[in-house]
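# Per-entry structural report
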Amino acid sequence: MDSVAEYIRKEVPDWDDEIIANARFKAFSGQRSDWEQKYFFWRDLIFKVSRHLGLFIISPSEVRSSWFSRGGLTPLCLDNVLLEMYKAGDILRSRDIVCPPGGRLSQLLRNIARLITVPRSLTPQEISNEYLVLLPLLKERADAIVKHLSENHWSSSCIITMKKLEEISGGPNEACAILNYLSECSKASYLSINKTELIEGAKVSLLPAVISSITALDSDVLHLTWTVEKLQQQLDVIDQRCERLRKSALNSLNSGNRKAALRHARELKMSYDSREKCTSLLNRVEEVISVIANAESTKNVSEAIQIGARAIKENGISVEVVQQSLQDIDECIESQKQVEETIEATPLYTGIEDEDIEEELKKLELEHESESPQILIPKTTATETASSQKVALETAESLTKALSGLELADGVGKQVQTQSSPKSTVINLAESLTPDAA
């Protein structure tokens, strides 16, 4: 459980702090407000570690001794935490889960027994002696399985064997819990057939709709699906045997035992023939399953067409109106495609470097300075020039005295010196970034 310890230290940075750890590991005492924060801490940590390990069925003894053990010390409040989680509906006891072969009748009887039985409060010791199911994580796993099945099936529902469900769930107990949860949500139904042996499976809805009732066709599909899995297992065994015989034949040839090599080659040829027959039968069964799935899809489409025709008839909509609506939809789709193609065809000038932009701005500044109006100095006489110089000198001295108490930031001064017309700058910048300029 080194990975668990590392994960806990990552999620709880102060896990190794002795003072904080001693406070956390103490038993609950006082009012609920006194230990509620501690309860939330352990509850959330149990969820996090379980999700990290991919579990939704936990053993309290393992949680206590393996997950949260610190130098032989275990949380004294853990049993109370599990009991509070049970009261809040976050966990279920394993005995609360109805085994799928019992069907809806067993589940109904169990619910009736709960109603007529006087509820008895559990003790922390009682709940710590059973396997517990974390309900939020069970919901997450069930949703993930339904999503996995929907990615491999194109119909509204699918038929899988219990063995397949156990493989993708993580075990028989996990498959039982998931099927029980989906059945209570009306998202799955247990079914079985008794041919040469008992074949168990489930019908799972891949849509938000409630699962439909079990039909004779569902039983046939279950039998075919079970046959496919059996043939695939047989193919795997034949492939392993062929590989073993091929290596034995090569070893016999290398050792000079030609008689043994011929015997292995003969057995290898027989195995290849068996594999070919098994593959042919597997392809035929898969083709039958595909035909059934296509027929179901065709049936759904036909039903949808009939419902649409009935709705059109009931609402008094003419065929011309429907055709016109479909034509309008096609035109809207075509227009949207043209817009998308135009957007994709428009070149994006995203490859311009910052240095190029700065250089372009410097050019704009130089052009602005060169285009700035020059001050015209009129011709004056010597006397006017001398008097004007005297006035300018006095004006400069007065301005110097007036501005001596002011502190102007260098950036502001530079901005004043280099400020240009906003309109001309935008125009020049737009012209410099056009495709022709680039």
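Residues numbered from 1 in each chain as written. Predicted model: local features only at pLDDT ≥ 70, side-chain atom pairs only at ≥ 80, totals over all residues. Heavy atoms only, no water.

### Quick word on the overall build of the chain
Scanning the chain from N- to C-terminus turns up 17 helices and six strands. Every one of the 438 residues in the chain was classed for burial, and the buried ones make up 27%. In the chain, the proportion of contacts linking residues at least 24 apart, taken out of those at least 6 apart, comes to 68%. For the chain, the exposed area adds up to about 30,200 Å²; of that, 55% sits on carbon and sulfur atoms. (Helix = DSSP H or I, 4+ residues; strand = E, 2+ residues; numbered from the N terminus. Buried < 20%, exposed > 50% of the residue type's maximum accessible area, 1.4 Å probe, protein only. Contact = heavy atoms within 4.5 Å. Areas by Shrake-Rupley, 256 points an atom, 1.4 Å probe, with all protein chains shown as cover.)

### Some thoughts on the pairing of strand S4 (residues 157–161)
The element S4 is largely enclosed, with a buried count of five among its five residues. Along S4, one buried face is formed by Ser 157, Ile 159 and Thr 161 and the opposite face, lined by Cys 158 and Ile 160, is buried too. Two elements, S4 and strand S6 (residues 198–205), share five bridges in a ladder whose sense is antiparallel. Its bridge partner being in S6, Cys 158 is matched across the sheet by Val 204. (Pairing = 2+ DSSP bridges.)

### A word on the side chain of Arg 24
Within the secondary structure, Arg 24 is located in helix H2 (residues 18–25). Looking at Arg 24, its side chain comes within polar contact range of the side chain of Asp 14, at 3.1 Å. Excluding residues that lie within four positions of it along the chain, Arg 24 makes contacts with Val 12, Asp 14, Trp 15, Lys 38, Phe 41, Trp 42 and Cys 77. (Polar contact = N/O pair within 3.5 Å; in protein donor to acceptor, adjacent residues only side chain to side chain.)

### A short note on the nonpolar core
In this structure, Ile 46, Phe 68, Met 85 and Val 204 are the most contacted members of the largest nonpolar core, which totals 55 residues. Ignoring any residue separated from it by four or fewer positions in sequence, one finds Met 85 in contact with Tyr 39, Arg 43, Ile 46, Phe 47, Asp 90, Ile 91 and Leu 134. The next biggest cluster of nonpolar side chains, apart from the first, holds 10 residues, and it includes Val 228, Cys 242, Leu 268 and Val 285. (Core = buried A, V, L, I, M, F, W, Y, C linked by side-chain atoms within 4.5 Å.)

### Some points on the packing of H2 against helix H3 (residues 32–53)
The geometry of a pair of packed helices is captured by two quantities: the angle between their axes and the separation between those axes. Where H2 meets H3, the axes come as close as 10 Å, and the angle between the chain directions of the two elements is 95°. With respect to their mutual orientation, H2 and H3 come out roughly perpendicular. Residues Ala 23, Arg 24 and Phe 25 of H2 touch H3, and the partners they reach there are Lys 38, Phe 41 and Trp 42. Here the residues of the contact of H2 with H3 sort into four nonpolar, no polar and two charged. (Axes fitted to C-alpha atoms, helices over the stretch in contact; angles between N-to-C directions. Parallel < 35°, antiparallel > 145°, perpendicular 65-115°, else oblique. Nonpolar A, V, L, I, M, F, W, Y, C, P; charged D, E, K, R; others polar.)

### Looking at the pairing of strand S5 (residues 188–194)
Bridge analysis of S5 against S6 gives seven bridges, and the strand direction is antiparallel. Paired with Asn 194 across the two strands is Leu 198, which belongs to S6. Between the antiparallel neighbours S5 and S6 lie three residues.

### Regarding the packing of aromatic side chains
Enumeration according to the criterion identifies nine aromatic pairs in this entry. Each ring, one from Phe 41 and one from Trp 42, has its centre 5.2 Å from the other, and the planes form 75°; the classification is edge-to-face. Directly above the aromatic system of Phe 41 lies the positively charged group of Arg 24, at a separation of 4.3 Å from the ring centroid. (Phe/Tyr/Trp six-rings, centres within 6.5 Å; stacked < 30°, edge-to-face > 60°. Lys NZ or Arg CZ within 6 Å of the ring centre and 35° of its normal.)

### Quick notes on a negative patch on the surface
A cluster of like negative charges, contributed by Asp 328, Asp 330, Glu 331, Glu 334, Glu 340 and Glu 341, occupies part of the molecular surface. Note on placement: Glu 341 falls in helix H13 (residues 319–345). Note on Glu 341: relative accessible area 52%, which makes it exposed. (Patch = residues over 30% accessible without salt bridge, like charges linked within 9 Å, V, L, I, M, F, W, Y side chains within 5 Å. Salt bridge = Lys/Arg side-chain N within 4 Å of Asp/Glu carboxyl O. Lys, Arg positive; Asp, Glu negative; His and termini not counted. Charge placed at Lys NZ, Arg CZ, Asp CG, Glu CD.)

### Some thoughts on the environment of Arg 51
Looking at where Arg 51 falls in the secondary structure, it is placed in helix H3. A relative accessible area of 41% means that Arg 51 is categorised as partly exposed. Counting along the chain gives 90 residues from Arg 51 to Arg 141, while the straight-line C-alpha distance between them is 9.9 Å. Not counting the four nearest positions on each side in its chain, Arg 51 is found in contact with Leu 137 and Glu 140.

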